[in-house]
Amino acid sequence: MSARDTGASTRSSRPRRMGRPPMADRAAIIAAALGIGFARLTMPAVAERLGISHSTLYRYFPSRDALAAAAADRAVDAIEWPEPDDDWRAFLTATAWAHWRLFAAHPGLAQEVTALRLTGPGLVGRENRTGVALLGYGFSAEDSVLIMDMLAELVTQAFLAVLPQGSDDGGPGGDPGSSGSGPGGESGPDDGSDGGAGAAIEAARRRRRELIGPWMHTFDPRLRGVLAEAVAGSPAAWFERKLGLFLDGVAGRRR
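Let me begin by describing the structure that accompanies this report. (Residues numbered from 1 in each chain as written. Predicted model: local features only at pLDDT ≥ 70, side-chain atom pairs only at ≥ 80, totals over all residues. Heavy atoms only, no water.)

**Re the overall build of the chain**
Then comes step 1: Of the regular secondary structure elements, the chain holds 12 helices and two strands.
Then comes step 2: Secondary structure of the chain in N-to-C order comes out as α-α-α-α-α-α-α-α-α-β-β-α-α-α.
Then comes step 3: For the chain, the residues scored as buried account for 41% of the 255 residues in total.
Then comes step 4: Taking all contacts inside the chain whose residues are at least 6 apart in sequence as the whole, residues at least 24 apart take part in 62%.
Then comes step 5: When the accessible surface of the chain is split by element, carbon and sulfur atoms take 54% of a total near 14300 Å². (Helix = DSSP H or I, 4+ residues; strand = E, 2+ residues; numbered from the N terminus. Buried < 20%, exposed > 50% of the residue type's maximum accessible area, 1.4 Å probe, protein only. Contact = heavy atoms within 4.5 Å. Areas by Shrake-Rupley, 256 points an atom, 1.4 Å probe, with all protein chains shown as cover.)

If you want it as structure tokens, here you go:
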């Protein structure tokens, strides 16, 4: 057998790589990050998911937080946000439930935002549009900024009690609610038990009872019943009541 024949035989005996070669671009990397989730997001996890090297990732994103910010913008863009109409209260209510759906769809995002680890054009642009709408409703510039900031914080706080699945603290998975109907026909969460949402709701209730229960006797008897309801009841229902109180206060600031 000639050297040429030997080389050809060797090449033909090498196993061929099956399937398509790894593909990576900015969109694919962001999609992989969202698939992994913010609580478990690391550059190595994304590289492994896509079957690419770390150096390829860093050509698109200089850091994990930069990737998380881009993923958050993609998540914001995927949410259906309300358009302002003649009713400022209905607009703010719908905006609050849109924020709720955002955090419910992406466990761990609330923690990212609260820790000031990320920002981006999607999040900033959404806040700006809310503020401009409030100006149009007759609120002052100062009050518009206060309202949009406090509204976002009100929703974010509701999602900090439950640690997302896969977090370092070993907290329960899921989120405080799943999608359904909010008050007044607005699109918002309910307490459905489908998927991991029901387990997360129950875990959050149980954890609140564990923390507050031993101290319940120290509260004034007039407060205990309401506090017990807040601790053990539906997170979405309690949020609805807090939102209503907040909007009642906002009403007094309108010019």
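**Things to note about empty space enclosed by the protein**
Then comes step 1: Going through the model one piece at a time under the given rule, you end up with two cavities of 30 Å³ or more.
Then comes step 2: Each pocket or cavity is described by its volume, and for the second largest cavity that value is around 30 Å³.
Then comes step 3: Residue lining of the second largest cavity: T95, H99, E127, T130, M148, L151 and A152, and that is the complete set.
Then comes step 4: Tallying contributions element by element places helix α9 (residues 141-158) first for the lining of the second largest cavity, with three residues. (1 Å grid on protein atoms, 1.4 Å probe; cavity = no way out; pocket = protein on both sides within 12 Å on 5 of 7 lines; lining within 4 Å. Points joined across faces, edges and corners; volume = space filled by probe spheres on them.)

**Re the packing of aromatic side chains**
Then comes step 1: For the structure on display, the rule yields seven aromatic pairs.
Then comes step 2: Among the aromatic residues, those joined into a cluster by ring pairs are W97, W100, F103, F159 and F239. (Phe/Tyr/Trp six-rings, centres within 6.5 Å; stacked < 30°, edge-to-face > 60°.)

**Quick notes on the side chain of H106**
Then comes step 1: Looking at the element boundaries, H106 is found in the loop between α6 (88-105) and α7 (109-114).
Then comes step 2: Owing to a relative accessible area of 17%, H106 belongs among the buried residues under this scheme.
Then comes step 3: In this structure H106 touches L34, F38 and A75, once residues within four positions along its chain are discounted.

**Considering the pattern of salt bridges**
Then comes step 1: Inspection of every chain in the model, using the stated rule, returns six salt bridges.
Then comes step 2: Between D248 and R89 there is a salt bridge, with the nearest N and O atoms lying 3.0 Å from each other. Of this pair, D248 sits in helix α12 (residues 235-251) while R89 sits in helix α6; the two residues are 159 residues apart in sequence, bridging distant segments of the chain.
Then comes step 3: For D248, a relative accessible area of 47% puts it in the partly exposed group.
Then comes step 4: A residue is classified by how much of its surface remains accessible, and R89, at 29% relative accessible area, is partly exposed.
Then comes step 5: The partner of R241 in a salt bridge is E229, with the nearest N and O atoms 2.8 Å apart. Taken together, the residues span a long stretch of sequence, with R241 in helix α12 and E229 in helix α11 (residues 221-232) at a distance of 12 residues. (Salt bridge = Lys/Arg side-chain N within 4 Å of Asp/Glu carboxyl O.)

**What to know about a nonpolar patch on the surface**
Then comes step 1: On the surface, a nonpolar cluster with roughly 330 Å² of combined accessible area is contributed by W215, F219 and L223.
Then comes step 2: Structurally, L223 can be placed in helix α11.
Then comes step 3: Residue class for L223 comes out partly exposed when judged on its relative accessible area of 49%. (Patch = residues over 30% accessible without salt bridge, like charges linked within 9 Å, V, L, I, M, F, W, Y side chains within 5 Å.)

**Observations regarding the side chain of T95**
Then comes step 1: Tracing the backbone shows T95 in helix α6.
Then comes step 2: A distance of 2.8 Å separates the side chain of T95 from the backbone oxygen of F91, its partner in a polar contact.
Then comes step 3: Sequence-distant contacts of T95, that is, excluding residues within four places in its chain, are made with W81, P82, T130 and L151. (Polar contact = N/O pair within 3.5 Å; in protein donor to acceptor, adjacent residues only side chain to side chain.)

**Observations concerning the packing of α9 against α12**
Then comes step 1: Their axes nearest at 11 Å, the elements α9 and α12 cross at an angle of 170 degrees. Taken together, the axis directions place α9 and α12 in an arrangement best described as roughly antiparallel. Packed against α9, whose contacting residues are I147, M150, L151, L154 and V155, the element α12 presents F239, K242, L243, F246 and V250 at the interface. (Axes fitted to C-alpha atoms, helices over the stretch in contact; angles between N-to-C directions. Parallel < 35°, antiparallel > 145°, perpendicular 65-115°, else oblique.)

**Focus on the nonpolar core**
Then comes step 1: V46, L67, L92, W100, F239, L243 and F246 are the most contacted members of the largest nonpolar core, which totals 52 residues.
Then comes step 2: For this core, the secondary-structure elements that each account for two or more residues are α2 (26-36), α3 (43-50), α5 (64-78), α6, α7, α8 (121-136), α9 and α12. (Core = buried A, V, L, I, M, F, W, Y, C linked by side-chain atoms within 4.5 Å.)

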